[in-house]
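# Notes for the structure review
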Amino acid sequence: MSEDGNGTAHKRETDGGSDSPNFVPTDGAESAVSVPDDDEDTYVESQVIMSTVRVVAPFSLTYGLFLMFHGADTPGGSFQGGAIIGATVLMVAFAFGIEPTRAWLRNRTVVALAAGGTAVFVLVGLIPLLAGGRFLEHHFYVDIGLIDTPKWGLEAIEVGGVAPIVAGVVIGMFFLIAAGWPPEGETEVTGDE
Amino acid sequence: MISAFEAVLFAFVVTTAVTTALLRDVLAVIVVFAAYSLGMALFYAFLLAPDVAMTEAAIGAGVTTLLLLLTLVKTVREDEDRTFERPNLPALVVFGGLLAVLLATVSRFPAVGSAEAPAWANPAVTQYYIENAFTDAGVENAVSAVLAGYRAFDTFGEAVVVFAAGVSILIVLQREVFTRE
């Protein structure tokens, strides 16, 4: 998107008088807060954190999946489950470095989680509506004999909709903040859109 | 009236909340705020709201803390010479007034678990869900039945809001991808 070559490549400081809409403070001498260099690697390898996460992550991922899949019958649910699954990825990223985790979990995965979850939710709701029923009418699927109890309609929007959306947005938000502003390795966007 | 555990938990939550407001160092604020969220999660569990407790523990104590810590890494911490913030007198007066109004309503609350509480004694809503959730929706957790069954349209709106929030962050940061390809 910013490869249109209207700015100097890898330019870090904004020119004086530029009406760019971004939030990078100009490096004035009186500026109290400065933005750290984005190339600076803040990751510190710690054996304690890595070992702890190695032990805890399988359990927290299982717990998140349990809450998601079993939320219909026990306390919990897909929102909490999705959040814990997302938090597990955040934990792994904190322990083993954000950049490797980001490379491992590609953009495609994050977008598929968030957008796919929304699509599943919409589809589950719209199919009964288009077939003459009402929006999100789980009993419609029972009536046509697709499922035997409306429970599976609830499960579809919980497991297929809410949990992926929450997990995807949590992970995406984390990676976006980690990428910083201006985005690492990209040309700074200048005033004209 | 209240158990020792409740009293300790209450003292812990109030202390961490006040400390969060008064500390000057941002890192310390984030750590204390996470402790506050954990205390609140225990409180919700104690008040028989395990679903809310899990949300508070996962979002409040977990994800929010990690996001704030990451933001702190990305910005610069100023060295503080003082540990605590000097209280702002006008803000303190406003806060005290609000607190007095809120505390004045507490004595009118029904007791926890009281059968006369409006939320419990309402046969048209609460009792209906408790009696019919399993036959209507086929799930044993009435909270899930309400969220994904009776009030599925509301949940749909909430899910779309979360999705829109993710898209909005991309727009604000003028990026097209969450991760580097």
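Residues numbered from 1 in each chain as written. Chains lettered and ligands numbered in written order. Predicted model: local features only at pLDDT ≥ 70, side-chain atom pairs only at ≥ 80, totals over all residues.

## Regarding the overall build of chain B
A tally of regular secondary structure across chain B gives 8 helices and 0 strands. Secondary structure elements of chain B occur, N-terminal to C-terminal, as α-α-α-α-α-α-α-α. Scaling as 2.2 N^0.38, a compact globule of 181 residues should have a C-alpha radius of gyration of about 16 Å, whereas chain B reaches 21 Å, well beyond that. Viewed in the frame of its principal axes, chain B has a C-alpha envelope of about 60 × 55 × 30 Å. Across the 181 residues in chain B, those meeting the buried criterion constitute 24%. Across chain B, every contact between residues at least 6 apart in sequence was considered, and the portion connecting residues at least 24 apart equals 41%. (Helix = DSSP H or I, 4+ residues; strand = E, 2+ residues; numbered from the N terminus. Rg over C-alpha atoms; globule rule 2.2 N^0.38 Å. Buried ≥ 20, exposed ≤ 12 C-beta atoms within 10 Å, placed from the backbone. Contact = placed C-beta atoms within 7 Å.)

## Describing the overall build of chain A
A tally of helices and strands in chain A yields 6 helices and 0 strands. For chain A, the α and β elements follow one another from N to C terminus as α-α-α-α-α-α. Scored against the burial criterion, the 193 residues of chain A give a buried share of 36%. When contacts within chain A are restricted to residue pairs at least 6 apart in sequence, long-range pairs at least 24 apart make up 66% of them.

## Some words on the packing of helix α4 (residues 107-130) of chain A against helix α6 (residues 151-179) of chain A
All names here are of chain A. α6 packs onto α4 with a crossing angle of 150° between their chain directions and a minimal axis gap of 7 Å. What the angle tells us is that α4 and α6 run roughly antiparallel. Our pair here, α4 against α6, has a crossing hand that is left-handed. The class makeup of the residues in the contact of α4 with α6 is 14 nonpolar, 8 polar and no charged. (Axes fitted to C-alpha atoms, helices over the stretch in contact; angles between N-to-C directions. Parallel < 35°, antiparallel > 145°, perpendicular 65-115°, else oblique. Left-handed = near helix turned anticlockwise from the far one by under 90°. Nonpolar A, V, L, I, M, F, W, Y, C, P; charged D, E, K, R; others polar.)

## Points about the interface of chain B and chain A
Contacts between the two partners involve 45 residues from chain B and, on the opposite side, 58 residues from chain A. Broken down by element, the side of chain B that touches chain A gets its largest block of residues, 14 residues, from helix α3 (residues 50-74) of chain B. Its residues placed into classes, the side of chain B that touches chain A shows 26 nonpolar, 12 polar and 7 charged.

## Some points on the packing of α6(A) against α3(B)
Running from N to C, α6(A) and α3(B) point in directions that differ by 10°, and their axes come no closer than 9 Å. Classified by the interaxial angle, the pair formed by α6(A) and α3(B) is roughly parallel. Crossing hand, α6(A) versus α3(B): left-handed. Between α6(A), through A:Val170, A:Met173, A:Phe174, A:Ile177 and A:Ala178, and α3(B), the contact on the second element is made entirely by B:Val63, B:Leu66, B:Leu67, B:Leu70, B:Thr71 and B:Lys74. For the contact of α6(A) with α3(B), the class distribution of residues is 9 nonpolar, 1 polar and 1 charged.

## Re the nonpolar core
Core analysis: the largest hydrophobic core is formed by 66 residues, its most contacted members being A:Ala83, A:Ala87, A:Val166, A:Val170 and A:Phe174. The contact partners of A:Ala83, leaving out residues within four places of it in the chain, are A:Val166, A:Val170, B:Ala58, B:Ile59 and B:Val63. (Core = buried A, V, L, I, M, F, W, Y, C linked by C-beta atoms within 7 Å.)

## Quick word on unusual backbone geometry
Despite not being glycine, A:Leu136 shows a phi value in the positive range, around 60°. Unlike most non-glycine residues, B:Leu48 shows phi in positive territory, near 65°. Positionally, B:Leu48 belongs in the loop between α2 (26-46) and α3.

## Here we look at helix α6 (residues 126-137) of chain B
For α6(B), built from 12 residues, the straight-helix expectation of 16 Å at 1.5 Å per residue is met to within 8% by its first-to-last C-alpha distance of 15 Å. After α6(B) finishes, the residue B:Gly138 shows a positive phi value of roughly 80°. (Expected span 1.5 Å × (residues − 1).)

## Brief notes about the confidence of the model for chain A
Considering every residue of chain A, the mean pLDDT works out to 76; 72% of them sit at 70 or more. A low-confidence stretch, residues 189-193 of chain A stays under pLDDT 50, and its non-local contacts, those more than four residues away or across chains, total 11 contacts. (pLDDT = per-residue confidence, 0-100.)

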